[in-house]
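Chain by chain, the residues:
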Amino acid sequence: MAFRTRTLALTTLALTLAAAGTGTATARTASTGRTADEAGSTTVQPAGHAFAATLNGTATFRAGSVTITCNVSSSVPAPSGGANNHIPEAPGNHNASGPVESPLNAPTYSDCSASLPAVDVSIVTTGTWKVAMQYGSPNVASLTLPPGGLVLKTTGLANCTVTAAPAASATFPAAFTNGAPSQLTVTGAEVPVRVEGGFGCPTSATTSVFDAVYDITDVTDPASQIVVTS
């Protein structure tokens, strides 16, 4: 889907949901130091329920001296259904020796502003993304962006194309907190980017940094909460 924002910086959405470099980053629990793939039992509940991820506050993207702030972002289930944005049905919502994964519809971003004036932006997100949640102390999570799953184009003072995860799918860690609602927190996630274009385009940039908090809510039963347990 393409979305127009008013004054988004050159590297904005190419930051999202990818890890530093072209490999994958792994989330580690504070208590054990193990990666999510090495960790123990995880159960995500309620089994089979659809969920939405909605930005709480603002998402910020930093590239050098430029800071971009977006006020609206979400990933929601498709009206027609499908597996995306659903906790797996039992027994798939339990993993005795690692994280529980769910495919995601690509998140959207809008109502964004930046320190660069007179720049219009179109954003295209494609493919199936993924979230993996792992029980621990604290709970951790990871988010995966498919190759080229987000492309940002700017017009105006600078005509640039920014591609996230340009060489391969990329994963970065987050924290998951059970609550009402539960929250997924991304802090200082470094993201691989490829920047193409002419004058004014930061073509030497290879990474940027993303911070955001998302409320994770139960769409099937709004009175329930999405929780990660053992």
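Look up a bit, the structure's there.
Residues numbered from 1 in each chain as written. Predicted model: local features only at pLDDT ≥ 70, side-chain atom pairs only at ≥ 80, totals over all residues. Heavy atoms only, no water.

**A look at the pattern of salt bridges**
- Tallied over the entire structure, the rule returns 2 salt bridges.
- Residue Lys 130 is joined to Glu 101 by a salt bridge in which the shortest nitrogen-to-oxygen separation is 3.6 Å. Taken together, the residues span a long stretch of sequence, with Lys 130 in strand β10 (residues 128-134) and Glu 101 in strand β7 (residues 100-105) at a distance of 29 residues.
- According to the relative accessible area criterion, Lys 130 is partly exposed, its value standing at 31%.
- Residue classification places Glu 101 among the partly exposed positions, given a relative accessible area of 41%.
- Across the pair Glu 196 and Arg 194 runs a salt bridge, and its minimum N-O distance is 3.7 Å.
- By relative accessible area, which is 39% here, Glu 196 ends up partly exposed. (Salt bridge = Lys/Arg side-chain N within 4 Å of Asp/Glu carboxyl O. Helix = DSSP H or I, 4+ residues; strand = E, 2+ residues; numbered from the N terminus. Buried < 20%, exposed > 50% of the residue type's maximum accessible area, 1.4 Å probe, protein only.)

**Observations regarding the nonpolar core**
- Counting 44 residues, the largest nonpolar core has Ala 59, Tyr 109, Phe 176, Leu 184, Phe 210, Tyr 214 and Ile 216 as its most contacted members.
- The element best represented in this core is strand β15 (residues 182-197), accounting for 6 residues.
- Not counting residues up to four positions away in its chain, the partners in contact with Tyr 214 are Ala 53, Thr 54, Leu 55, Asn 56, Ser 73, Tyr 109, Ser 182, Gln 183 and Leu 184. (Core = buried A, V, L, I, M, F, W, Y, C linked by side-chain atoms within 4.5 Å. Contact = heavy atoms within 4.5 Å.)

**Regarding the pairing of strand β12 (residues 150-156)**
- As defined by bridge partners, β12 adjoins strand β13 (residues 160-164) across 4 bridges and the pair is classed as antiparallel. Paired with Val 151 across the bridge in β13 is Thr 163.
- Hairpin connection from β12 to β13: 3 residues lie between these consecutive antiparallel strands. (Pairing = 2+ DSSP bridges.)

**Overview of the environment of Pro 99**
- Checked against the element boundaries, Pro 99 lands in the loop between β6 (94-95) and β7.
- For Pro 99, a relative accessible area of 12% gives the class buried.
- The sequence separation of Pro 99 and Gly 40 amounts to 59 residues, and the corresponding C-alpha distance is 8.2 Å.

**Digging into the packing of aromatic side chains**
- Enumeration over the complete set of coordinates arrives at 2 aromatic pairs.
- Each ring, one from Tyr 109 and one from Phe 210, has its centre 6.4 Å from the other, and the planes form 80°; the classification is edge-to-face. In this pair, Tyr 109 is assigned in strand β8 (residues 108-114) and Phe 210 in strand β16 (residues 207-218), connecting sequence segments 101 residues apart. For the pair shown, Tyr 109 and Phe 210 are each scored as buried.
- Relative to Phe 210, the ring of Phe 172 lies with its centre 6.4 Å away and its plane at 85°, an arrangement referred to as edge-to-face. Placement of Phe 172 in strand β14 (residues 170-177) and of Phe 210 in strand β16 is noted, with a sequence separation of 38 residues between them. The pair formed by Phe 172 and Phe 210 is uniform in burial state, with each residue classed as buried. (Phe/Tyr/Trp six-rings, centres within 6.5 Å; stacked < 30°, edge-to-face > 60°.)

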